[in-house]
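An overview of the molecular structure
Residues per chain, in single letters:
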Amino acid sequence: MPTLRTLEELDRAGLLSPDPRLAEAARSMAIAITPEMLALIDRGDLAHDPIARQFVPSAAETEVSADELADPIGDEARSPVKGLVHRYPDRVLLKPLHVCPVYCRFCFRREKVGPGGEALSAAELETALDYIRDHREIWEVILTGGDPLMMAPRRMGELIAALDAIPHVAVIRVHSRVPIVDPERVSPELVIALKPRRASLWLGIHCNHVRELAAATRAALARLADAGIPLLGQTVLLRGINDDVETLDQLMRALVTARVKPYYLHHPDLVRGTGHFRVSIEAGQALMKALRGRLSGLAQPTYVLDVPGGHGKVPIGPAYLGDDPSALDVEDAFGGHHRYPG
Ligand SMILES: *Cc1c(COP(=O)(O)O)cnc(C)c1O
Ligand code: SF4
């Protein structure tokens, strides 16, 4: 079965409840639901299904609040050449393409991703590579998009080889949702393409719910881990999908079990039309506190906010230290308070 890409296809699959605003929601962002994700959706309770809610357009997307931004994390302000974002001195984002295997309705690049988006031409990619070659302070290149693992293995291998040939690039990081939503794409050829000869390669995997880790996905993650690729987990905190302790507990444990180290729990960005996904920072901190009290350190992500306007990411707590630096009050993971001499 092919990926579902239109409202009509979603309707035929029984995933929509009629609403006149759905057409507008669908125009605001491309639709894609892979067969693997479709198979995981529980039709009995679509309104609360954590898979359906991530990928099926909803009328709520047409509600845009004044705080929401077209470029929520300020990529454009920090883009010296097309397809490249240079916000931190030692690392850049390189976005070779803008297509994804699925379209997540809460996407932080919601207004950029999709078919027909600005994929880089060969000449533009070369210009971006020249920028990296010319800036010796660039220690790490982060491939993102879109989803870079949508590239054919041969093209991926060529890009990795081009980066690997730049001596000051020590680390290549790839951010992807492919192993979760389209695990068969993680072919032996793709795994080989992800092996630079010299640089280190890390793979960040976007996963928001334990149900996304079906058998085929676990097998794909095992192929990557067995090839020696270190795997990181990135989760977006999403209202009604994973904003409760039990769900996050199960997800973080499942990731570690699949040899994926939880890296970031992202506070949802101020993306236009995504208010229905947003959680308060206070609620996010309370969840993090609860996780600290019940999960292995291996399973703890850092809770981060991407400061709107292109100011980068910062950890947003919770804090365990009181304000008085001369007599610190330390709160333990179980809510007890202790004095630490300052
Ligand atoms: C998120 C991001 C990075 C990577 O940040 P880390 O904290 O190193 O994971 C780098 N550049 C930009 C522009 C980013 O948005
Ligand atoms: S896979 Fe990533 S880039 Fe693509 S729509 Fe989902 S969140 Fe956005």
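In case you missed it, the structure is sitting above this.
What comes next is a walk through the structure. (Residues numbered from 1 in each chain as written. Chains lettered and ligands numbered in written order. Predicted model: local features only at pLDDT ≥ 70, side-chain atom pairs only at ≥ 80, totals over all residues. Heavy atoms only, no water.)

**Regarding the site of ligand 1**
Where we set the bar: The rule for a residue being near a molecule or strand is that one of its heavy atoms must lie within 4 Å of it. Polar contacts, as counted here, are pairs of nitrogen or oxygen atoms within 3.5 Å of one another; within protein the pair requires one atom able to donate a hydrogen and one able to accept it, and residues that are adjacent in sequence qualify only if both atoms are side-chain atoms. Using a grid of 1 Å spacing that covers the protein atoms alone, one calls a set of points a cavity when a 1.4 Å probe fits there but cannot get out, and a pocket when the set is open and has protein on both sides within 12 Å along at least five of seven lines; lining residues are those with an atom within 4 Å of a point. Each molecule is checked against the cavity or pocket grid, and it sits inside if more than half of its atoms lie within 2 Å of the grid points. Comment: elements are numbered from the N terminus, with helices defined as DSSP H or I runs of at least four residues and strands as E runs of at least two. Here the nonpolar group is Ala, Val, Leu, Ile, Met, Phe, Trp, Tyr, Cys and Pro; Asp, Glu, Lys and Arg are the charged ones; every other residue, Gly included, is treated as polar.
Val85, Arg87, Tyr88, Arg91, Leu93, Ile142, Arg173, Tyr263, Tyr264 and Lys313 make up every residue found near ligand 1. Within the side chain of Tyr263, an N or O atom sits 2.6 Å from an oxygen atom of ligand 1. When atoms are counted within 2 Å of each cavity's grid points, the one that captures over half of ligand 1 is the largest pocket. Residue assignment for the shell around ligand 1 shows that the elements contributing at least two residues are β1 (84-88), β2 (91-94) and β7 (260-266). Per-element tally for the shell around ligand 1: the top contributor is β1, with three residues. Residue composition of the shell around ligand 1, by class: six nonpolar, no polar and four charged.

**Quick word on the sheet that holds β2**
What counts is decided by this rule: Strands are treated as partners if at least two bridges between them are detected by DSSP. An axis is simply a line fitted to the C-alpha atoms; with a helix, the fit covers only the stretch in contact. Between two such axes, the angle follows the N-to-C directions and lies from 0 to 180 degrees. Should any heavy atoms of two residues lie within 4.5 Å, those residues are considered in contact.
Strand order across the open sheet formed by nine strands is β1-β2-β3-β4-β5-β6-β7-β8-β9, with mixed pairing between neighbours. The open sheet has two free edges, formed respectively by β1 and β9 (313-315), since each of these has just one partner strand. Between one strand axis and the next, the sheet turns through 30 degrees on average, direction left out of account. Strand direction decides the pairing type here: β1 and β2, joined by three bridges, are antiparallel. Residue pairing across strands places Val85 opposite Leu93, the latter belonging to β2. Sitting on the sheet, helix α9 (residues 215-226) is in contact with β5 (200-206), β6 (231-236) and β7, with an inclination near 140 degrees to β6. Of the strands in this sheet, β7 and β8 (302-306) touch helix α11 (residues 281-294), which is tilted by about 160 degrees from β8.

**Overview of the pairing of β2**
Counted between consecutive antiparallel strands, the loop separating β1 from β2 contains two residues. The sheet contact formed by β2 and strand β3 (residues 140-143) spans four bridges and is parallel. In the sheet register, Arg91 faces β3, and the bridge partner there is Glu140.

**Remarks on the environment of Gly310**
The criterion, for reference: Relative accessible area decides the class of each residue, using a 1.4 Å probe on protein chains only: under 20% of the type maximum gives buried, over 50% gives exposed, and in between gives partly exposed.
Relative to the assigned elements, Gly310 resides in the loop between β8 and β9. In this structure Gly310 comes out as buried when scored by relative accessible area, which is 1%. A sequence separation of 92 residues divides Gly310 from Arg218, and the C-alpha atoms of the two residues are 35 Å apart. Gly310 has contacts with Ile73, Gly74, Arg78 and Arg87, leaving out every residue within four places of it along the chain.

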